[in-house]
Amino acid sequence: MKVINSMESAVRSYCRAYPVVFEKSKGINLIDENGKKYFDFLCGAGSINYGHNNPILKKAIMDYLNEDGIVHSLDLATKSKEEFLDSFQKHILSPRHLTYKVQFTGPTGTNAVEAALKLARKVTGRSKIISFTNGFHGVSLGSLAATGNSHHRGGSGTSLHDVNFMPYDGYMGNKTNTIDYLRRVLEDNSSGIDLPAAVILETIQGEGGINIASSKWLKSLQELCHEFGILMIVDDIQVGCGRTGTFFSFENSGIEPDMVIMSKSVSGFGLPFSFLLIKPRLDIWEPGEHNGTFRGNNLAFVSAKTTIDTFWTTQELEAGITLKSNLLKERLNEITTKYLSSEIEVRGKGLIYGIDCILPDLAESIRDKCFENGLIVETCGSDDQVIKFLPALIITENELSQGLDIFEKSVRQVMEESNFHKKLESEIIQK
Ligand SMILES: *Cc1c(COP(=O)(O)O)cnc(C)c1O
């Protein structure tokens, strides 16, 4: 830890919240250098949906390496790319009646976001993008311009432009339909909002505090986009790959985005891997116009294909998520009502849930106490006031209960040892 604290840039962040040196990981556990085991309900911010070192995926990667399978290939045609695309077409796109071209971008989420924004601008000839309050799309400049969080925006050192922010679903309270506002500014020639190339959004805002867009809102947004010739880009980096209970987060909402951005858990194994799904009519790139040295990580092709073949060819995983989702929701509601306040909101879907603690200090104290007790949870939201739960999708009900037992104990301890009750009460009365 000493060398990390002295040598690694001050920008490091997660290692400050969980100040131990981790050495191993297996299934739903992270293990530190002293052998202490933690339940991991952060899962690499949703990059480890199938558990750490999943043995099936690990074997596929080891076999591939043992056979001298190619590791780096720019965007050459490789067997592993071919096999991944075959599986993705056959088991993910076809059964959902979706047609998309696949663009492999650089390996991180923000690389695919940049490609999407660039292509939307190229296709429409317009420069503006509409993003939404509390949206998070990455921290390279183009993506950061579409990210709401002022802490992240503050790091840019330059102007972040060509993005207008509109209120996300629920931003103005339950009674206001924020699409009405968007429609009004698009219809009004003097609103000051130029016709954008695209809207970019998450169907559930992961970093922004587990804010959920309703199907009704998403459908109205899509209608508006069609009406005005605006492209719809769904950033499914965090809430795709089964997190909400279906492979794509938007599957049951009645929308079909023009572009979909995938990353985090697509490799299944935690390897860097991102891609952009593009409606075929929009795929107007010139060959090589957008490129990158690390496009299409072959090891990730292998694990991603194995992930699809293993988990997405039957209904088992999805059924399991529904079951565990109910357990998670019920338990979180119970704990919140019992120790915090019935006024505190528990939000989520599938296996992404958040508890909006209102007070950032409270969320942080609970996170720290959980860590002490052997459970890793993260905070998110505009002021880091929301405790976020992202357990692995393959977690057993028993393991989930054990993790939630630690959570309950930690919340109880924090509330016993502090005067948060008073602060919470006065905060709730003010609201
Ligand atoms: C994590 C994330 C990104 C950025 O991905 P990186 O790999 O960190 O660049 C973009 N959008 C969403 C919704 C994310 O959760």
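Keep in mind that what you see is a predicted model, and the values were worked out from it rather than measured. (Residues numbered from 1 in each chain as written. Predicted model: local features only at pLDDT ≥ 70, side-chain atom pairs only at ≥ 80, totals over all residues. Heavy atoms only, no water.)

**Student:** Residue-level account of the side chain of threonine 306, with values.
**Tutor:** You can see threonine 306 is positioned in helix α11 (residues 298–311). Accessibility expressed as a relative area gives 15% for threonine 306, which makes it buried. In this structure threonine 306 touches Ile56, Leu57 and Ala60, once residues within four positions along its chain are discounted. (Helix = DSSP H or I, 4+ residues; strand = E, 2+ residues; numbered from the N terminus. Buried < 20%, exposed > 50% of the residue type's maximum accessible area, 1.4 Å probe, protein only. Contact = heavy atoms within 4.5 Å.)

**Student:** Describe in detail the site of the ligand, supporting the description with residues and values.
**Tutor:** Surveying the vicinity of the ligand reveals the residues Thr108, Gly109, Thr110, Phe136, His137, Gly138, Glu202, Asp235, Ile237, Gln238 and Lys264. One nitrogen or oxygen atom from the main chain of phenylalanine 136 is found 3.3 Å from a nitrogen atom belonging to the ligand. One of the side-chain N or O atoms of glutamine 238 is found 2.8 Å from an oxygen atom in the ligand. Contact with the protein chains hides 82% of the accessible area of the ligand, taken as 380 Å² for the molecule alone. (Near = heavy atom within 4 Å. Polar contact = N/O pair within 3.5 Å; in protein donor to acceptor, adjacent residues only side chain to side chain. Areas by Shrake-Rupley, 256 points an atom, 1.4 Å probe, with all protein chains shown as cover.)

**Student:** Please give an account of the pattern of salt bridges that cites residues and values.
**Tutor:** Counted by the stated rule, this structure contains 23 salt bridges. A salt bridge links aspartate 283 to lysine 101; the nearest nitrogen and oxygen atoms lie 3.3 Å apart. Here aspartate 283 is found in the loop between β12 (275–278) and α11, whereas its partner lysine 101 is found in strand β4 (residues 101–104), with 182 residues between them in sequence. Among the residues examined, aspartate 283 registers a relative accessible area of 28% and is labelled partly exposed. Between aspartate 368 and arginine 367 there is a salt bridge, with its nearest N and O atoms 3.2 Å apart. (Salt bridge = Lys/Arg side-chain N within 4 Å of Asp/Glu carboxyl O.)

**Student:** Describe the sheet that holds strand β11 (residues 259–262), and please don't skip the residues or the numbers.
**Tutor:** With mixed pairing, seven strands are arranged side by side in an open sheet as β4-β12-β11-β10-β7-β5-β6. Sheet topology places β4 and β6 (163–166) at the edges, where each strand pairs with a single neighbour. Averaged over all pairs of adjacent strands, the angle between strand axes in this sheet comes to 25 degrees, irrespective of strand direction. Note that strand β5 (residues 129–132) and strand β7 (residues 198–201) share two bridges and pair parallel. (Pairing = 2+ DSSP bridges. Axes fitted to C-alpha atoms, helices over the stretch in contact; angles between N-to-C directions.)

**Student:** Can you tell me about helix α5 (residues 79–93), naming the residues and giving the values?
**Tutor:** Counted at 1.5 Å a residue, the expected span for α5 with its 15 residues is 21 Å, and the 20 Å between its end C-alpha atoms agrees. Residues Ser80, Lys81, Phe84, Ser87, Phe88, His91, Ile92 and Leu93 constitute the buried set of α5. Angular distribution of buried residues about the axis of α5 spans 150 degrees; they occupy a single face of the element. More than 90 degrees from the buried face of α5, the exposed residues found are Lys79, Asp86 and Lys90. (Expected span 1.5 Å × (residues − 1). Arc of directions from axis to C-beta.)

**Student:** Help me get a handle on the domain arrangement of the protein, residues and values and all.
**Tutor:** Along its sequence, the protein is organised into domain 1 (2–53 + 315–430) and domain 2 (59–311). Opposite the 29 residues of domain 1 that make contact, domain 2 presents 28 residues. Looking only at domain 1, the three residues that lose the most surface to domain 2 are Tyr50, Lys349 and Ile352, adding up to 27% of its buried area. Linking domain 1 with domain 2 are one salt bridge. A salt bridge links glutamate 207 to lysine 388; the nearest nitrogen and oxygen atoms lie 3.0 Å apart. Between the two partners, domain 1 and domain 2, sit 13 residue pairs in polar contact (both at pLDDT 80 or more). Of all the elements in the fold, those that place two or more residues in the side of domain 1 that touches domain 2 are α3 (43–46), α12 (316–340), β13 (345–349), β14 (352–356) and β17 (386–389). Residue classes in the side of domain 1 that touches domain 2 are distributed as 15 nonpolar, ten polar and four charged. (Domains from an automatic or database assignment. Buried area = accessible area lost by both parts, 1.4 Å probe. Nonpolar A, V, L, I, M, F, W, Y, C, P; charged D, E, K, R; others polar.)

**Student:** An account of the nonpolar core is needed here, citing residue identities and associated values.
**Tutor:** Counting residues in each nonpolar core, the largest one holds 94 residues, and the members touching the most others are Phe88, Phe132, Leu221, Phe248, Leu362, Ile366 and Phe407. A total of eight residues in this core trace back to one element, the largest contributor, which is α12. Mapped onto the domain boundaries, this core takes at least three residues apiece from domain 1 (2–53 + 315–430) and domain 2 (59–311). Those residues in contact with leucine 221, other than ones at most four positions away along the chain, are Phe132, Ile179, Leu182, Val199, Leu201 and Met232. (Core = buried A, V, L, I, M, F, W, Y, C linked by side-chain atoms within 4.5 Å.)

**Student:** Would you mind going over the environment of asparagine 373 in detail, with residue names and values included?
**Tutor:** Here asparagine 373 shows up in the loop between α13 (360–372) and β15 (375–376). Between the C-alpha atom of asparagine 373 and that of tyrosine 38, which follows or precedes it by 335 residues, the distance is 8.2 Å. Those residues in contact with asparagine 373 that lie beyond four places of it in its chain are Ile406, Lys409, Ser410 and Gln413. A polar side-chain atom of asparagine 373 sits 2.9 Å from a polar atom in the side chain of serine 410.

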